[in-house]
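# Observations on the three-dimensional arrangement
Here are the chains, one letter per residue:
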Amino acid sequence: MNDIVQQFKWVGTRPIRPDGVPKVTGRALYGADLTMPGMLIGAILRSPHAHARIRSIDTSKAAALPGVKAVVTSADFPERKFEYVGPERVAVNFWHMTRNVMAREKVLYEGHALAAVAAISKAVADEALALIEVDYEVLPHVIDVEAAMKPDAPLLFPDMITRGVDPAPTKPSNISKRIEYKLGDLEAGFAAADEIVEMEFKTAAVHQAYIEPHGCVARFDADGQGEVWSSSQGHFVVRALTAQLLGMKIGDLRVYPAEIGGGFGGKTVVYVEPVATMLARKSGCPVKIVMSREDVFRASGPTSGSAMRVKIGVKKDGKIVAADGEFKYQAGAFPGSPVMNGCMCAFSPYDIPNARTVGYDVVCNRPKAAAYRAPGSPISAFAVESVLDVLAQKLGMDPLQMRLKNAARAGTQMLYGPKLSHNGYAETIEAILNHPGYKTPLKKNQGRGVASGYWFNGGGESSATVHVNEDGTVVVATGSPDIGGTRASMAIMAAETLGIDYDKVRPIVADTASVGYTHVTGGSRVTFATGIAVVEATKKVINDLCARAAMTWKVDVEGVIWENGHARPASSNVGDFEPLSLKEIAAKRALTGGPIGAEAGVNPGGVAPGFATQFCDVEVDPETGKVTVLRYVAAQDVGRAIHPSYVEGQIQGGVAQGIGWALNEEYIYSAKGRLDNPGFLDYRIPVASDLPMIEAVLVEVPNPGHPYGAKGVGEVNICPPMAAIANAIDRAVGRRLTELPMSPPKVLAAIDSGTETKAR
Amino acid sequence: MTKHHVSATINGEPAEFLCEAQQTLLDVLRDGLNLTGSKEGCSSGDCGACSVIVDGRVVCSCLMLAVEAEGHAIETIEGLARGTKLHPLQQKFLEHAALQCGFCTPGLLVAAKALLDRNPNPSETETRYWLAGNLCRCTGYDKVIRAVLDAAAELRGA
Amino acid sequence: MPMLDYIAPSTVEEAIRVLSGASGVAKLLSGGTDLLVQLRSGRTRPDLIVDTKNIPGIIGIRETDGAFAIGAATPGAVIGECESLKKAWPGVVEAANLIGSTQVQGRASLAGNLCNASPAADSVPALIAARATCIVAGTKGRREVPVEDIVTGPGRTSLARDELIIEFRLPKRPPRSADAYLRFIPRTEMDIAVVGAGVNITLERSGACSAAWVALGAVAPTPILVPEAAAALVGRKLDDRALQMLDGAARRACKPIDDKRGTIEFRTKIAGVLVRRAAAIAFERAGEQR
């Protein structure tokens, strides 16, 4: 670490985040914290059925209730064209989206919104909901992904023909899409293998489980201008989607970013904003809608449950010669599971000459899947990293050595097309191999498991504005909501580039009218892409500062350089001038051209993917099946840690979510297709006493595509934990669990069965 | 609807409010008194984001009727700092980066204060079990626990 | 609009008057950690809330000559801070302290935990094993009722409309007596019990058990005494044979359901495991006593 500190003044240090004091004093305003004069409370009517045709909705009694100021149904929202728009991996279809926000012909899951009211109080709003009469024709439902794929399964969409199959199927099904990636010669590869393991896996749907429910306040004025205050991961996306769904011009809607209480991908889409805006339009008053915890679980998007089959063949020396995976993911009520990501990432940590992944995106009667931290990749990683562990045990090989032997490096041909652009994976394996804890002995019923993971990370559009204040302090405005300390990172990068103190930089998150377009805070892209925008804007400001100095000294601008927060002559030839500080130049700005500021808009290439390798030690209680995580060490290639504390925080957070996913989290549905556990009591996320300290090992292989070498860090850390724990349980009690979550009854049943799962 | 008149002490100051019987203390703090620092994460007492201290004991304000506050002393997150002087817990949370989104932070700070008021030298395990009722989804609790133990050490040394 | 009324009587007699005179549904409020959840979810829609916490003596622990009286609305946290109670009844105290989080402990009471009548209530098996009784007050006067006679089914008690529990009583301990309570949950905190097991024993000087009571929670519609399990202990030390018989008796007594918190098979197995482990702790504690 030391050479980083010497190289940089601020990058790599741990200053206090600039938005910290409001957050520890309770002053920061989140989505539910804002009130406006005349504000109404909005409430949403949700389907009690998993699948039903809506024969009619009668809202007249609700509308007539004193205190109710507006009622909306899908009839108020314009119809959208049926088409998939945008890049394939993240395509959206507004025909689906408007129906998810407010159901039209059918309700497709318990909790599906179909009407909403705005009233003078929550009590009146709830009473109004009870007065809305809906005539449902209840239909058979299906939830499990394999059940939904069966030919006789109840159909969610009568005309859904699977995309990606040629020739196209003649009969409709719930399979929205089939994807396939292929490399090399699979048959020959397996024929050459000395050991082959083929196993099947199932995972349950899990939710991002952010502690803050979705909430927003919307206002719509007589001139057609709307304003939304929303807790989201991307207020520009909120603006775009809300405008689309309401048929508004984007410029007529202004979205302000509230502080956000967690998102993990689940707040990159809209649920309440279009409804609140429509209610505000109809009532003429501001409307606040906050989802209840139950509605968050019932009606916002968890990630997919899955059924998977993975087959890997290796040589005696551990070299992987062939790999084949089939991944069936639940999309929920509308197409768009992250199965494509799952197929692309599954084998990506490894250099495998012959490989194939096939994926199925399958609709079913539960809420539409939304992104959840490296969406799709943790699921396929569970299967792949488990199979690799079984193979390592068959070969008598250290599982880390096996991974090292096959590690993808810069130039490795990836299954889904490109060649890997960056090194970093092997270094994470070595970091774990060399970790002193990796060799510590374990006791009876204890086991150590390792696993790795891969995530693309992301670039995307970001904007930043940098202004110099009259006294030489600086404002850095971006459009990236701060969910994990990114304001601090932006300030660090601006301060470093300018050569001024961190405390002199004030980073803010600006609303959609005050800074240029910025894509979501997600995809592990903010420190990377928004950071690049900040640095570029800062460099433009530096150019301007040099020009002002040149003007002051009456020299050519080429003769001025910027160093340590000062403009100085490039050499003594230019002249013998005292350096001018940022403060001094700012003070004279009116004479040299006026206010000093610049904006940058970027869509950067040079994205480096994320690699993680982790080990964990568990103890299994053989009489109850309870698994205790004793120790967890997570190594990740972060490029360069701009603010190491927040990088560690991302790793620790992703690992904790992975542990919950592995051990106890799952969506439990009743026979009627209703969610049995829509609350934190029975949707069991890890509590403080469940976890040990989580050691984050920051491996730094700098990314040449970023001015300070940063790679995205937020997501890949959730990819390994499920397999790491399954592998540890296997080492502890000799039982291979292939279904998530690995809750005590499942572990105990495996122990008591006396047999290890046989791999084919 | 009959409104009840309640007199209580909030963050050391006398406070009065009107409330309906079914309103929780959380409802009144946030909507009636504009003290939005206590958060609503679940409204069923499972997440701790609404934690306040009543007569020295940390409780979920979503599990108390506002009317039950009559005659009692309530401390919320807004009362943790003394003016602009942060409580050592708040300072340590900042130094240790023990918050990411910050939503669970007020509840955690209030619960941690109740711990240290009672037990100035808690072990890591005691701290984890004490805080088990405060759900955090961002941090994995590691830096939170470190911050609490560090604040405890500072309070003992001061 | 639902009209909810609230009253906080200042005496037991006033509380009884309010309960018997209530025209609609009246619900007693002590800690509120169950009631408020049910109010919000709509599971209960009372017309009147009767807050017992202003009644003198309803919060507090009193010891008289080794016997304890615990006010019905005493929060779990207060129970957990009572050193003399912890010494005499470590199982009852640890059971009470397992109810919910630290925040819930600041409010939750034995009366609420018992009268909510969840099959999985944490404090109840320990109270039953301890032979605890309740003082029930109503228009007909006061009566003392064994704890196990209060719960009649999930969510149902034997209390009349006009009755409330004002106190729990624990008898004086014979020498070499101890109790223990264990609960199985999938995490380390915050879950409803999948199985709860309470064991209360007295030992002879020889170390053999002279009296035993074993109770299980979350494995039947109500918490249950398991006389067969107790019989397995009486007259012997906690040897392998005793443990085996204990395990079998516990399993046989189970009549659990399959739900999102546990299957029949799992609960039955765990019942055996927990009873064995709780018995071991109780024996060790009793051996340490004078």
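Here the residue numbering is sequential within each chain, running from 1 through the sequence in written order. Chain letters and ligand numbers both follow the written order, the letters beginning at A and the numbers at 1. Only residues with pLDDT of at least 70 get local features here, since the model is predicted, and only at 80 or more are side-chain atom pairs given and counted; chain-wide, interface and lining totals rely on the full set of residues.

### With respect to the overall build of chain B
Counting secondary structure elements, chain B contains 5 helices and 5 strands. By the criteria applied, helices consist of DSSP H or I runs no shorter than four residues and strands consist of E runs no shorter than two, each listed in order from the N terminus. Along chain B, helices (α) and strands (β) appear in the sequence β-β-α-β-β-β-α-α-α-α when read from the amino end. Here the C-alpha atoms of chain B give a radius of gyration of 16 Å, agreeing with the 15 Å that 2.2 N^0.38 yields for 158 residues. Principal-axis analysis of the C-alpha atoms gives chain B an extent of 50 × 30 × 25 Å. Note on burial: count the other C-beta atoms lying within 10 Å of the residue's C-beta; 20 or more is buried, 12 or fewer is exposed, in between is partly exposed, and C-beta positions come from the backbone. Taken over 158 residues, chain B has a buried fraction of 65%. Contact between two residues is assigned when their C-beta atoms, built from the backbone, lie within 7 Å. In chain B, the proportion of contacts linking residues at least 24 apart, taken out of those at least 6 apart, comes to 60%. A radius of gyration in this sense is built from C-alpha atoms; the matching globule rule multiplies 2.2 Å by the number of residues raised to 0.38.

### Here we look at the domain arrangement of chain B
All names here are of chain B. Where each domain starts and ends follows an automatic or database-derived domain assignment. Taken domain by domain, chain B comprises domain 1 (4–79) and domain 2 (88–157). Computed over C-alpha atoms, the centres of domain 1 and domain 2 are 21 Å apart. The interface is formed by 14 residues belonging to domain 1 together with 12 residues belonging to domain 2. When residues of the side of domain 1 that touches domain 2 are traced back to their parent elements, those giving at least two are strand S3 (51–54) and strand S4 (57–60). The biggest single contributor to the side of domain 1 that touches domain 2 is S3, with 3 residues.

### Describing unusual backbone geometry
Leave glycine aside and you will find that most residues have negative phi; peptide bonds, for their part, are mostly trans. Look at the link from Asp166(A) to Pro167(A): it is a cis peptide, with omega at 5°. Here Pro167(A) shows up in the loop between helix H6 (145–149) and strand S7 (175–183). Across the junction of Leu740(A) and Pro741(A), the peptide omega takes the value -5°, indicating a cis bond. Position of Pro741(A) among the secondary structure elements: in the loop between helix H20 (721–733) and helix H21 (744–753). We note that Arg176(C) has phi near 55°; this positive angle belongs to a residue other than glycine. You can see Arg176(C) is positioned in the loop between strand S10 (164–170) and strand S11 (177–184). Owing to 19 C-beta atoms within 10 Å, Arg176(C) belongs among the partly exposed residues under this scheme.

### Concerning helix H8 (residues 235–246) of chain A
Residue and element names in this part refer to chain A. What a helix should span is 1.5 Å times the count of its residues minus one. Counted at 1.5 Å a residue, the expected span for H8 with its 12 residues is 16 Å, and the 16 Å between its end C-alpha atoms agrees. With respect to burial, H8 is a largely interior element, 9 of its 12 residues being buried. Here H8 has its buried residues at His-235, Phe-236, Val-237, Val-238, Arg-239, Leu-241, Thr-242, Leu-245 and Leu-246.

### So, the pairing of strand S24 (residues 610–620) of chain A
Put simply, side chains in a regular strand alternate between the two faces of the sheet. Residues and elements named next belong to chain A. With respect to burial, S24 is a largely interior element, 11 of its 11 residues being buried. The alternating pattern of S24 places Gly-610, Ala-612, Gln-614, Cys-616, Val-618 and Val-620 and Phe-611, Thr-613, Phe-615, Asp-617 and Glu-619 on opposite faces, both of which are buried. Each pair of strands is called paired provided DSSP finds at least two bridges between the two strands. In the sheet, strand S16 (residues 446–455) pairs with S24 via 10 bridges, with the strands oriented antiparallel. Residue pairing across strands places Tyr-454 opposite Phe-611, the latter belonging to S24. Where S24 and strand S25 (residues 627–637) come together, 9 bridges link them in antiparallel fashion. Within the sheet, the bridge partner assigned to Thr-613 lies in S25 and is Ala-635. Between S24 and S25, which follow one another and run antiparallel, lie 6 residues, and Gly-625 among them has a positive phi close to 80°.

### Describing the domain arrangement of chain A
Residue and element names in this part refer to chain A. Each domain of chain A was delimited in the assignment, giving domain 1 (2–27 + 459–602), domain 2 (40–139 + 214–290) and domain 3 (306–457 + 608–753). Domain 1 and domain 2 are separated by 39 Å when their C-alpha centres are compared. In this complex, domain 1 contributes 13 residues to the contact, which on the side of domain 2 involves 16 residues. The classification used treats Ala, Val, Leu, Ile, Met, Phe, Trp, Tyr, Cys and Pro as nonpolar, Asp, Glu, Lys and Arg as charged, and all other residues, Gly among them, as polar. Looking at the side of domain 1 that touches domain 2 residue by residue, the classes come out as 6 nonpolar, 6 polar and 1 charged.

### Some thoughts on the pairing of strand S14 (residues 320–332) of chain A
Residue and element names in this part refer to chain A. Along S14, 12 of the 13 residues are buried, which leaves the element largely enclosed by surrounding structure. Here strand S13 (residues 306–314) runs beside S14; their pairing, made up of 9 bridges, is antiparallel. Bridge pairing in S14 links Lys-311 to Asp-324. In this structure, the hairpin formed by S13 and S14 is closed by a connection of 5 residues, where Gly-318 is found at a positive phi of approximately 100°. Strand direction decides the pairing type here: S14 and strand S15 (residues 355–363), joined by 9 bridges, are parallel. Pairing of Tyr-329 across the sheet is with Asp-361, part of S15. Handedness of the crossover joining S14 and S15 through helix H11 (residues 339–345) is recorded here as right-handed. With the strands aimed away from the viewer, a crossover counts as right-handed if its path from the first strand over the helix to the second runs clockwise.

### Section: the nonpolar core
All names here are of chain A. In this description, a nonpolar core means buried residues of the types Ala, Val, Leu, Ile, Met, Phe, Trp, Tyr and Cys, linked to one another by C-beta atoms lying within 7 Å. With 420 residues, the main nonpolar core has Val-117, Ile-725 and Ile-729 as its most contacted residues. With 12 residues, helix H16 (residues 526–553) is the single largest residue contributor to this core. Every residue in contact with Ile-725, bar those within four places of it in the chain, is listed here: Gly-449, Cys-616, Val-618, Ile-659, Ala-662, Leu-663 and Met-742.

### What about the sheet that holds strand S12 (residues 195–203) of chain C?
All names here are of chain C. A sheet is described by the order of its strands in space; here 4 strands give the open sequence S11-S12-S13-S14, paired in antiparallel fashion. The open sheet has two edge strands, S11 and strand S14 (224–225), and neither has a second partner. In this sheet, strand S13 (residues 209–217) lies alongside S12 in antiparallel orientation, the contact comprising 8 bridges. Counted as the bridge partner of Leu-203 is Cys-209 from S13. Seen against the sheet, helix H11 (residues 264–288) touches S11, S12 and S13 and runs at an angle of roughly 30° to S12. Note on definitions: angles span 0 to 180 degrees between N-to-C directions of axes, and those axes are lines fitted to C-alpha atoms, for helices only across the stretch in contact.

### Structural notes on the confidence of the model for chain B
pLDDT runs from 0 to 100 and stands for how confident the predictor is about each residue. Of the residues in chain B, 99% have a pLDDT of 70 or more, and the chain-wide mean is 97. The ipTM assigned to the predicted complex is 0.98, against a pTM of 0.98.

### Looking at the interface of chain A and chain C
Across the boundary between the two partners, chain A contributes 18 residues, which contact 16 residues of chain C. Elements with a contribution of two residues or more to the side of chain A that touches chain C: helix H5 (122–130) and H21 of chain A. At 3 residues, the largest contribution of residues to the side of chain A that touches chain C is made by H21(A). Among the residues making up the side of chain A that touches chain C, the classes are represented as 7 nonpolar, 5 polar and 6 charged.

### Details of the interface of chain B and chain A
Facing 41 residues of chain B, the contacting portion of chain A comprises 41 residues. Put simply, the parts of the chain that give the side of chain B that touches chain A at least two residues each are helix H2 (88–95), helix H3 (105–118), helix H4 (124–130) and helix H5 (142–157) of chain B. At 4 residues, H2(B) tops the list of elements feeding residues into the side of chain B that touches chain A. Residue classes in the side of chain B that touches chain A are distributed as 21 nonpolar, 11 polar and 9 charged.

### Notes on the sheet that holds strand S2 (residues 52–58) of chain A
Residues and elements named next belong to chain A. In space, the 3 strands of this open sheet follow the order S4-S2-S6, with antiparallel pairing throughout. Edge positions in the sheet fall to strand S4 (106–107) and strand S6 (133–138), since each of these pairs with one other strand and no more. The sheet contact formed by S2 and S4 spans 2 bridges and is antiparallel. Bridge assignment links Arg-53 to a residue of S4, and that residue is Lys-106.

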